[in-house]
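Structural description and commentary
What follows is the residue order along each chain.
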Amino acid sequence: MCGLVFALSTRPVRTFVTTAHQRQIHRGPDGEGFCFEEAAGINLGMAHQRLAIVGLNEFGAQPMLSASGRFRILFNGEVYNFRELAQQHGLRNLRSGSDTEVIVELIERIGIDAALEQFNGMWAMIVQDVAANRFYVSRDRLGKKPLYVHQDANGIYMASEMHSLLGLPCVDLMPDPVTASRFLAQSLQNVDERSWLKSIKSFPPASIAEIDGAEPVAGMSKMRRFWAPEYSTPMPGWRAEETIEQLRFLVEDSTRLRMQADVPVGVALSGGIDSSIISALATQSTGTLGRRIEHFSAVNPGSKDDESEHIDVIARHLDAKVRRFVLDPEEGEGLLGLLKTCIRYNDGPVTSFSNPLFYKLMQSARRAGITVVLTGQGADEAFCGYRKYPVLETKRLLKEWHLIEATRFAAGFIANGTILPQLDPTEAKRYIGSANSSILGQATTEALDLANLGRITSLGDRQWLDVSRYSVPYLCHYEDRMSMAASCEVRSPFLDYRVIEMGLRMHERLKLTHGWTKYALRKAFEPVLPSSIAWRKDKKGFVNPQDDWLRGALKTAVYDLMGSGDARVYQTGLVSRKGYIERFDDYCSGRGNVWFRDVFAPFALELWMNIAADIEQDQKCDQCRA
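Here's what I pulled together on the structure shown here. Being a predicted model, the structure only gives us computed values, none of them experimental.

Conventions adopted
- Residues numbered from 1 in each chain as written.
- Predicted model: local features only at pLDDT ≥ 70, side-chain atom pairs only at ≥ 80, totals over all residues.
- Heavy atoms only, no water.
- Pairing = 2+ DSSP bridges.
- Helix = DSSP H or I, 4+ residues; strand = E, 2+ residues; numbered from the N terminus.
- Contact = heavy atoms within 4.5 Å.
- Axes fitted to C-alpha atoms, helices over the stretch in contact; angles between N-to-C directions.
- Core = buried A, V, L, I, M, F, W, Y, C linked by side-chain atoms within 4.5 Å.
- Buried < 20%, exposed > 50% of the residue type's maximum accessible area, 1.4 Å probe, protein only.
- Phe/Tyr/Trp six-rings, centres within 6.5 Å; stacked < 30°, edge-to-face > 60°.
- Lys NZ or Arg CZ within 6 Å of the ring centre and 35° of its normal.

Here's the deal with the sheet that holds strand S5 (residues 71–79)
In spatial order, the strands read S4-S5-S6-S7-S11-S12; together these six strands make up an open sheet with antiparallel pairing. Each having just a single partner strand, strand S4 (64–65) and strand S12 (220–225) make up the two edges of the open sheet. Bridging between strand S11 (residues 207–212) and S12 involves four bridges; their strand directions are antiparallel. When the bridges of S12 are listed, Ile-211 appears paired with Met-220. Against the sheet, helix H3 (residues 99–110) makes contact with S4, S5 and strand S6 (121–129), and its axis sits at roughly 130° relative to S5, the strand it touches most.

Structural data, given as structure tokens:
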């Protein structure tokens, strides 16, 4: 896990590369590397920030040349099955013990398209064919590792974090109105290749592109996808016992792969079934790894949403010590200062206080000497864990006139008490076509293209929308930014592409049945979990009293920042001042059933726009001094 900067331009690039490198130095405190070349009027610059995870010696440094010297790689991420690939392809005499060396050697041997199909991991990479003067760009299947791109009349520039590209001559701070409208109206981010700025794009997941080193002004070409999961046809021969056994093996193997590290490993434990499964599997593996697994949790003593009770249950069951973190709103820089810090690292406004909470949790892990943290992210999308799935499946059955089946299906969830007690109408309105349109300004009103979040043609189709657009991309985004801000690497076994593929194709009634979400996952791992965890009916995660904070400790800050017509969100036409103030007044007084995110989103967006302006100004000053 690292960070990278790349530039190929007819203009000098050294100042940009070194400045951008410093902006994201937190991504790799264990080392740095540079490459600068000039030929025929074309300037190449590469920079790498190293967070050493496997192969800790100096031979793992980047940019890295293959043994023959033909290929050079700039890589951020981890390919977990690199040892198996090295053995399979007879790669010998490797010096570094790192996955990066295996990656570049295998790409040279069989080509990048064939190699990527065999990689199991997360990555953003730029590979240079030195002999052919050609560059290949790629990002992992689910876009877990970030890569931002800016193209102008002089060349192409890339970085792991968007703010590292601020200060380039053709990059301005005007937010993309489509991105802003999605965020403000439906709390959506990272839906596609759009970033928060018009002139910067996010390189698409599961893709490869090429750059002609002699013509950087032409940009990327030959864009192609190397992975698209099959989800329209169910798994053949879906006998329940065999499917559950296969699921158990895949999750165990995925976790085993992600336990490989030459540094300490920990688990973020929420008390729910997903992180508890990962905790149980990680704890079981300690015998073979010869090391103790640390567990970290965020708790809220005294709150109705506190997860301490469930964390205690799994801790006793695993005989594990859990380091607990409590977010004190008055500690250190306070809530507003913490928000600003996280928004800066996030490369955009955060959606809730889950982001700062995760950031503080990663800081806690790093202080304890933990560099790699496993999470349970992805299980809800792969196996239908969200409360919306039973509702949408009932809707699908009714639409297809399966009235008796729909009635029986819905009755199971009602009788089991797993859905109705937890339904939040303020959040559920997104799924019936409602949007937070009253606060939109002219620019976002004109750009708004409402996503049909209530759409469902099949369960697999709906899951894939969440995996590829509406859920997983932003979850991966914030976990990457908040963990890397603390110089930690996050790994998510449930986001192994094999697990995702199985979840998408698994029969509907193994995911939702008998009034249970994630039924197959519960059955697969009930032998290693306490029953109260395996069959929990409620769903919370890393919760916090964010409504209390926004109405209390942050209320004055919101009115101070958003009360003036000079706020950037008003001046750019993204938010209506009248609409927002009325909405926030209603929220604070408890009128109108206003959702937290409806009023938090514009406030967070204004904070980010101010922060981005400061970063751009600082970066331009740095370049002037250089």
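Section: the nonpolar core
One finds Phe-119, Met-125, Leu-247, Ile-277, Phe-494 and Leu-529 to be the most contacted residues of the largest nonpolar core, which totals 84 residues. Per-element tally for this core: the top contributor is helix H7 (residues 273–284), with six residues. Once residues lying within four places of it in the same chain are set aside, the contact partners of Phe-494 are Val-251, Asp-274, Ile-277, Ile-278, Gly-376, Gln-377, Gly-378, Ala-379, Phe-383, Val-499, Ile-500 and Leu-521. Counting 83 residues, the second-largest nonpolar core is a separate cluster that includes Val-5, Phe-183, Ile-370 and Ile-611.

A few points about the sheet that holds strand S16 (residues 372–374)
The parallel open sheet is built from five strands, whose spatial order is S15-S14-S13-S16-S17. Each of the sheet's edge strands pairs with one partner strand only, and the pair in question is strand S15 (322–325) and strand S17 (489–491). Sheet twist, expressed as the average angle between the axes of neighbouring strands with direction ignored, equals 30°. Strand direction decides the pairing type here: strand S13 (residues 265–268) and strand S14 (residues 294–298), joined by three bridges, are parallel. For Ala-268, the partnering residue across the bridge sits in S14 and is Phe-296.

Some details on the packing of aromatic side chains
To describe a pair of aromatic rings, one takes the distance between the centres and the angle between the planes. For the structure on display, the rule yields 24 aromatic pairs. Relative to Trp-196, the ring of Phe-183 has its centre 5.4 Å away and its plane inclined at 85°; by these criteria the two rings are edge-to-face. Of this pair, Phe-183 sits in helix H5 (residues 177–186) while Trp-196 sits in the loop between H5 and strand S10 (201–202), and the two are 13 residues apart along the sequence. Exposure class is identical for Phe-183 and Trp-196. Each is buried. Ring geometry for Phe-600 against Phe-603: centres 6.4 Å apart, planes inclined by 70°, an arrangement best described as edge-to-face. Taken together, the residues span about one helical turn, with Phe-600 and Phe-603 both in helix H27 (residues 596–625) at a distance of three residues. When its relative accessible area of 0% is taken as the criterion, Phe-600 is described as buried. The positively charged end of Arg-14 is found above the aromatic ring belonging to Phe-36, 4.1 Å away from the centroid. One cation-aromatic arrangement involves Arg-551 over Tyr-587; the distance from NZ or CZ to the ring centre is 4.0 Å.

Re the pairing of strand S3 (residues 42–50)
Most of S3 sits inside the fold, with nine of its nine residues counted as buried. Both faces of S3 are covered, namely the face carrying Ile-42, Leu-44, Met-46, His-48 and Arg-50 and the face carrying Asn-43, Gly-45, Ala-47 and Gln-49. Relative to S3, strand S2 (residues 32–39) is paired through eight bridges, and the arrangement is antiparallel. Paired with Glu-32 across the strands is Gln-49, a residue of S3.

Some points on the environment of Thr-179
Looking at where Thr-179 falls in the secondary structure, it is placed in helix H5. Residue class for Thr-179 comes out buried when judged on its relative accessible area of 8%. For Thr-179 and Gly-417, which are 238 residues apart along the polypeptide, the C-alpha to C-alpha distance reads 37 Å. Not counting residues within four places of it along the chain, the set of residues in contact with Thr-179 comprises Arg-194, Ser-195 and Trp-196.

Don't take any of this as a statement about function, it's just geometry.
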